[in-house]
Amino acid sequence: MAQLFFKYGAMNSGKSIEIIKVAHNYEEQGKPVLLFTSGLDDRDEVGSISSRIGFKRTAIPIFAETDIFNMVRNYHPRPHCVLVDEAQFLTKTHVLQLAKIVDECNIPVMGFGLKNDFRNELFEGSKYLLLYADKVEEMKTICWFCERKATMNLRIDSNGKPVYTGDQIQIGGNESYYPVCRRCYLHPPI
Ligand SMILES: [Zn+2]
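Residues numbered from 1 in each chain as written. Predicted model: local features only at pLDDT ≥ 70, side-chain atom pairs only at ≥ 80, totals over all residues. Heavy atoms only, no water.

Draft legend 1. Looking closely at the sheet that holds strand 2 (residues 33–38). With respect to topology, 6 strands assemble into an open sheet ordered 5-2-6-7-1-8, the strand pairing being parallel. With partners counted over all chains shown, the strands left at the sheet margins are strand 5 (60–62) and strand 8 (135–139), one partner each. Neighbouring strand axes in the sheet, compared pairwise and without regard to direction, differ in orientation by 20° on average. Pairing of strand 2 with strand 6 (residues 81–84), which is carried by 4 bridges, proceeds in the parallel orientation. Looking at strand 6, one finds that Leu35 is bridged to Leu83. Sitting on the sheet, helix 4 (residues 124–132) is in contact with strand 1 (4–9) and strand 8, with an inclination near 130° to strand 1. (Pairing = 2+ DSSP bridges. Helix = DSSP H or I, 4+ residues; strand = E, 2+ residues; numbered from the N terminus. Axes fitted to C-alpha atoms, helices over the stretch in contact; angles between N-to-C directions. Contact = heavy atoms within 4.5 Å.)

Okay, here's the thing in structure tokens:
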């Protein structure tokens, strides 16, 4: 039986490279996959997944009105797996559509994304993936400032100061995000 997976990790934990690797593994065996990403993410161009170490794939952008279930159900050839990058930006409706793809089409779906935002609150997509996924897996990376495991994302503004309040989604601004442990999140050594 197909399953719904949620693989979450802090910034720079290798989520995009993992997606590209999984897609490659399927396609090497002649099994087509469908790649999605958030239409909100314009760091690159809309509709692409790129990893910091240089690989890049085109992906179908998901917007608020996108019905992922209908797109996948009607897609030819039938995908052997559905991969979703930036899954934190999904709505609850999108997550339920992913569950329906698994349950009604018997196609495995893997969502990849951040769990918590820079305020250390859950993203909507992550919250519902945590609630609805069959399997949840943490992708690990190391704190930017020390040797502990990074579990949070620290936002630094253009003056180099940590920020803990503001809108959850601010893509393409001058701020940067760093994977950090709890200690460095609460007391950044900067
Ligand atoms: Zn740390």
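Draft legend 2. Up close: helix 1 (residues 15–28). Along its 14 residues, helix 1 runs 20 Å from first to last C-alpha, staying within 8% of the 20 Å computed at 1.5 Å per residue. All buried positions along helix 1 are accounted for by Lys15, Ser16, Glu18, Ile19, Ile20, Val22 and Ala23. The positive-phi residue at the C-terminal boundary of helix 1 is Gly30, with phi of around 75°. (Expected span 1.5 Å × (residues − 1). Buried < 20%, exposed > 50% of the residue type's maximum accessible area, 1.4 Å probe, protein only.)

Draft legend 3. Here's a closer look at the coordination of the zinc ion. Coordination of the zinc ion by the protein comes from Cys143 (SG), Cys146 (SG), Cys181 (SG) and Cys184 (SG), over a distance range of 2.3 Å. What the 4 donor atoms of the zinc ion show is an angle range of 102 to 118° at the metal, which sorts the shape as tetrahedral. Considered as a linear motif, the donors of the zinc ion on their single chain read C-x2-C-x34-C-x2-C. One end of the pair, Cys146, is in the loop between strand 8 and strand 9 (152–156); the other, Cys184, is in helix 5 (residues 182–186), and 38 residues separate them in sequence. With relative accessibility at 18%, the residue Cys146 sits in the buried group. Given a relative accessible area of 7%, Cys184 falls into the buried group. (Donors = N, O, S within 2.8 Å, 3.2 Å for Na, K, Ca; no water. Tetrahedral: all angles 85-135°; square planar, octahedral: opposite > 155°, others 65-115°.)

Draft legend 4. Broad picture of helix 4. Of the residues making up helix 4, those classed as buried are Gly125, Ser126, Tyr128 and Leu129. For helix 4, the secondary structure elements touched by its buried residues are strand 1 and helix 3 (92–105).

Draft legend 5. Structural view of a nonpolar patch on the surface. The grouping of Leu96, Leu131 and Tyr132 at the surface amounts to a nonpolar patch, some 280 Å² of accessible area in total. Looking at the secondary structure, you find Leu131 in helix 4. (Patch = residues over 30% accessible without salt bridge, like charges linked within 9 Å, V, L, I, M, F, W, Y side chains within 5 Å. Areas by Shrake-Rupley, 256 points an atom, 1.4 Å probe, with all protein chains shown as cover. Salt bridge = Lys/Arg side-chain N within 4 Å of Asp/Glu carboxyl O.)

Draft legend 6. Local environment of unusual backbone geometry. Between His76 and the following residue, Pro77, the backbone shows a cis peptide bond with an omega angle of 0°. Within the fold, Pro77 resides in the loop between helix 2 (68–73) and strand 6. Backbone geometry at Asn12 places phi at a positive 60°, although glycine is not the residue there. Note on placement: Asn12 falls in the loop between strand 1 and helix 1.

Draft legend 7. Examining the UniProt feature "binding site: substrate" (unreviewed entry) in the protein chain more closely. The sites that carry the UniProt feature "binding site: substrate" (unreviewed entry) are, in the present numbering, Ile169, Gln170, Ile171, Gly172 and Tyr177. Those annotated residues from the list above that line the second largest pocket are Ile169. Positionally, Ile169 belongs in the loop between strand 10 (162–163) and strand 11 (176–180). With respect to the helices and strands, the residue Gln170 is situated in the loop between strand 10 and strand 11. Contact partners of Gln170, with chain neighbours within four places excluded, come to Arg155, Glu175 and Tyr177. (UniProt positions renumbered as here; feature names shortened; annotations may be inferred. 1 Å grid on protein atoms, 1.4 Å probe; cavity = no way out; pocket = protein on both sides within 12 Å on 5 of 7 lines; lining within 4 Å.)

Draft legend 8. Broad picture of the sheet that holds strand 11. Across the sheet, which stays open at both edges, the 3 strands sit in the order 10-9-11 with antiparallel pairing between neighbours. Every interior strand has two partners, whereas the edge strands, strand 10 and strand 11, have only one. Of the pairings in the sheet, the one linking strand 9 to strand 10 comprises 2 bridges and is antiparallel in character. Residue pairing in the sheet places Ile156 in a bridge with Pro162 of strand 10.

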